[in-house]
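Spelled out, the chains give:
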Amino acid sequence: MTNISVKDLSDELRRAINKIEQTEGLEKVGIVIRVGDGVAWIHGLSKAGYSEMLEIETDDGVSEAFALNLMEDEIGAVLLDSESKVRAGAKVRLTGKALEVPVGEELLGRVVDPLGRPLDGGPEIKTKQTGLVEKPAIGVMGRQSVNEPLMTGILSIDAMVPIGRGQRELIIGDRQTGKTAIAIDTMINQAKQNTGVVNIYVAIGQKLSKVASLIDRLKEEGVLKQTIIVATSASDPASLLYLAPYAATAMGEYFRDNKKHALIIYDDLSKHAVAYRQMSLLLRRPPGREAYPGDVFYLHSRLLERSAKLSDDLGGGSLTALPIIETQAGDISAYIPTNVISITDGQIFLETDLFYQGLRPAISVGLSVSRVGGSAQTKAIKSVSGDLRMKLAQFRELASFAQFGSDLDKDTKSQIELGQRLTEILKQAQFSPLSIWEQYVSIYAVTEGLFNEVPVAKIQEARTALLSYVKKKHKKLIDTLNTGTKPDDKVKETIKEAAKEVASEYKG
Ligand SMILES: Nc1ncnc2c1ncn2[C@@H]1O[C@H](COP(=O)(O)OP(=O)(O)OP(=O)(O)O)[C@@H](O)[C@H]1O
Ligand SMILES: [Mg+2]
């Protein structure tokens, strides 16, 4: 640490400090000694609390900062505004407050920065309430285990790695493997299925062009009005990137605490960790593994612990988190990925190879898990997808064997054929979330062998045909299936008949 003692300072700064010492005292007031890289170093403020908001006097008002490094004779404070306004010698005051952001329904449909200031050109946002950006997570007694589904509308996720409200499920994969696409589809599904779940999307250090096209898409799909977008770009100061997920979580907690359900997407926490590393190094904290400071685990654990399914006493609301992590060359054993994997309740791992083979969404069946969502899965989907993972895993293993020889016994052959059809039915285009009945019918048709005669290349087409057939002829069945209860034999019989009928048109 290279702390500068007062006697090393310029005469001017020393005089300013002396003056304060004699008038207001140096407990709640301080003087900026130097500024740079978004950090102001301050002498005085001996009563400052960790993460307390500070007000720095500038030529045209005040500039905000928060105190992060509390040292004996110097404080390192991270600036929230541009540092060009802050000069050495400026007076700083404690506010006695931690950072708060506006929270409430008023934010729905808006694009804001981490401090709740509009970025969409719309009017200033006036909310009745504010929420603490940093807040301890709710304790054990205030929670209950996950028991309601959060349907993503993505067949392979809802069937094999189901997510429950209040769960934290990591989306992890290399760049350009469809991570954001999963998050967007999940948001769209909340509007399409009318789940009433509010979406909060946090863009951390992303290209603004990407965020803009995402917003356009959400608008087009009619989802924006139940969505809050908290956006930061790569050119924002690291302090804003650091705050973004916490501020957005505060906005999500408002819904959770008011008996509602919210889904929050952190896109992505790799960039968040990098912003925090940058901030920490500028604050001269010692770097540890991969140059991240020692508390980088705490950075994300205290964030994700705020997602929860509340107890009935607290209203039963929920906040579900989908953090995103970008890996390098599929390495999930790197520092930040392992940290976040250990904090979350499961992960959806996307593989570059699958993505380029056209198996999209490129979800790795073997490496993806959901540790708590199973108990929240709808009975309908559960009843039909129980051994899907196993069947697919078996198929992958057999398929790699089968490459080498052609003499396969009948059993193996049929297992491979089923696997191929399953793989095919799990392919899903972007922006087309499936509702419960569509998911049920799709899986049922294949696992019951009703599409065995349909050539693999035609499976997708046959599925589409089957779904529109059912939609046209069996409206009531759709409502029954969409309740999520386990279908009875009559329902199954109807689907069987329909699938046979459709399959006969697609026979090879
Ligand atoms: N299920 C899908 N079917 C077809 N195309 C898809 C699907 N999912 C994603 N894509 C396409 O793949 C590309 C990458 O998707 P996306 O931006 O979601 O990936 P990402 O992992 O978030 O990328 P980045 O690392 O750049 O953030 C996009 O062009 C997207 O349209
Ligand atoms: Mg992305």
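Let me sum up the structure you'll find in this document. Computed from a prediction, not measured in an experiment: that's the story for all the values here.

## Quick notes on unusual backbone geometry
Alright, step 1. Note that the residue after aspartate 267, namely aspartate 268, is joined by a cis bond; omega there is -5°.
Alright, step 2. Tracing the backbone shows aspartate 268 in the loop between β13 (261-267) and α6 (269-282).
Alright, step 3. In this structure, serine 51 is a non-glycine residue whose phi angle is positive, near 70°.
Alright, step 4. Mapped onto the elements, serine 51 comes out in the loop between β2 (39-44) and β3 (52-58).
Alright, step 5. Note on serine 51: relative accessible area 16%, which makes it buried.
Alright, step 6. Although it is not a glycine, phenylalanine 431 sits at a positive phi angle of roughly 60°.

## Structural notes on helix α11 (residues 388-402)
Alright, step 1. The end-to-end C-alpha separation of α11 is 20 Å, in line with the 21 Å expected for 15 residues at 1.5 Å each.
Alright, step 2. Taken together, the buried positions of α11 are occupied by Leu388, Leu392, Phe395, Leu398 and Ala402. Within α11, the buried residues cover an arc of 130° as seen down the axis, which keeps them to one side. Residues Met390, Glu397 and Phe401 are exposed on α11 and point more than 90 degrees away from its buried face.
Alright, step 3. In this structure, the buried side of α11 is in contact with α2 (155-160), α10 (379-385), α12 (410-425) and α13 (436-447).

## Re the pairing of strand β11 (residues 198-206)
Alright, step 1. Of all 9 residues in β11, 9 are buried; the element is thus mostly enclosed.
Alright, step 2. Two elements, β11 and β13, share 6 bridges in a ladder whose sense is parallel. Within β13, the position partnered with isoleucine 200 by the bridge is isoleucine 264.
Alright, step 3. Bridging between β11 and strand β12 (residues 227-233) involves 6 bridges; their strand directions are parallel. Looking at the pairing, alanine 203 lines up with alanine 231 of β12.
Alright, step 4. Between β11 and its parallel partner β12, the chain crosses via helix α4 (residues 208-220), and the hand of that crossover is right-handed.

## A closer look at the site of ligand 1
Alright, step 1. Lining the immediate surroundings of ligand 1 are 15 residues, of which Lys179, Thr180, Ala181, Lys210 and Gln430 lie closest.
Alright, step 2. Between ligand 1 and glutamine 176, the relevant distance is 2.9 Å, taken from an oxygen atom to a side-chain nitrogen or oxygen of the residue.
Alright, step 3. Contacts to ligand 1 include glutamine 428, whose backbone N or O atom sits 2.9 Å from a nitrogen atom.
Alright, step 4. Notes on ligand 1: free accessible area 630 Å², of which the protein chains cover 74%.

## Structural notes on the sheet that holds strand β15 (residues 346-350)
Alright, step 1. Across the sheet, 8 strands lie side by side as β8-β12-β11-β13-β14-β10-β15-β16; this open sheet has mixed pairing. Both edges of this open sheet fall to β8 (111-112) and β16 (369-370), since each of them pairs with a single strand only.
Alright, step 2. The pairing of strand β10 (residues 170-173) with β15 spans 4 bridges and is classified as parallel. Note that in β15 the partner of isoleucine 172 across the bridge is phenylalanine 349.
Alright, step 3. Sheet contacts for α4: β8, β11 and β12; angle to β12, the most-contacted strand, approximately 170°.

## Some thoughts on the pairing of strand β6 (residues 91-98)
Alright, step 1. Pairing analysis gives 3 bridges linking strand β1 (residues 29-36) to β6, with the strands arranged antiparallel. What sits directly across from valine 29, in β6, is arginine 93.
Alright, step 2. Across 4 bridges, β3 lies against β6 in antiparallel orientation. By the bridge assignment for β6, glutamate 55 is matched with arginine 93.

## Looking at α6
Note on helix geometry: an α-helix contains 3.6 residues per turn, so any two residues three or four positions apart are oriented the same way.
Alright, step 1. Between the first and last C-alpha of α6 there are 20 Å, a value that for 14 residues agrees with the 20 Å anticipated at 1.5 Å per step.
Alright, step 2. Within α6, the full set of buried residues consists of Leu269, Ser270, His272, Ala273, Ala275, Tyr276, Met279 and Ser280.
Alright, step 3. Taking the backbone nitrogen of serine 270 as reference, a side-chain oxygen 3.0 Å away marks aspartate 268 as the first, capping residue of α6.
Alright, step 4. In the stretch just after α6, arginine 284 is the one whose phi turns positive, near 65°.

The rules behind these values
Residues numbered from 1 in each chain as written. Chains lettered and ligands numbered in written order. Predicted model: local features only at pLDDT ≥ 70, side-chain atom pairs only at ≥ 80, totals over all residues. Heavy atoms only, no water. Helix = DSSP H or I, 4+ residues; strand = E, 2+ residues; numbered from the N terminus. Buried < 20%, exposed > 50% of the residue type's maximum accessible area, 1.4 Å probe, protein only. Expected span 1.5 Å × (residues − 1). Arc of directions from axis to C-beta. Contact = heavy atoms within 4.5 Å. Pairing = 2+ DSSP bridges. Right-handed = clockwise from strand over helix to strand, strands pointing away. Near = heavy atom within 4 Å. Polar contact = N/O pair within 3.5 Å; in protein donor to acceptor, adjacent residues only side chain to side chain. Areas by Shrake-Rupley, 256 points an atom, 1.4 Å probe, with all protein chains shown as cover. Axes fitted to C-alpha atoms, helices over the stretch in contact; angles between N-to-C directions.

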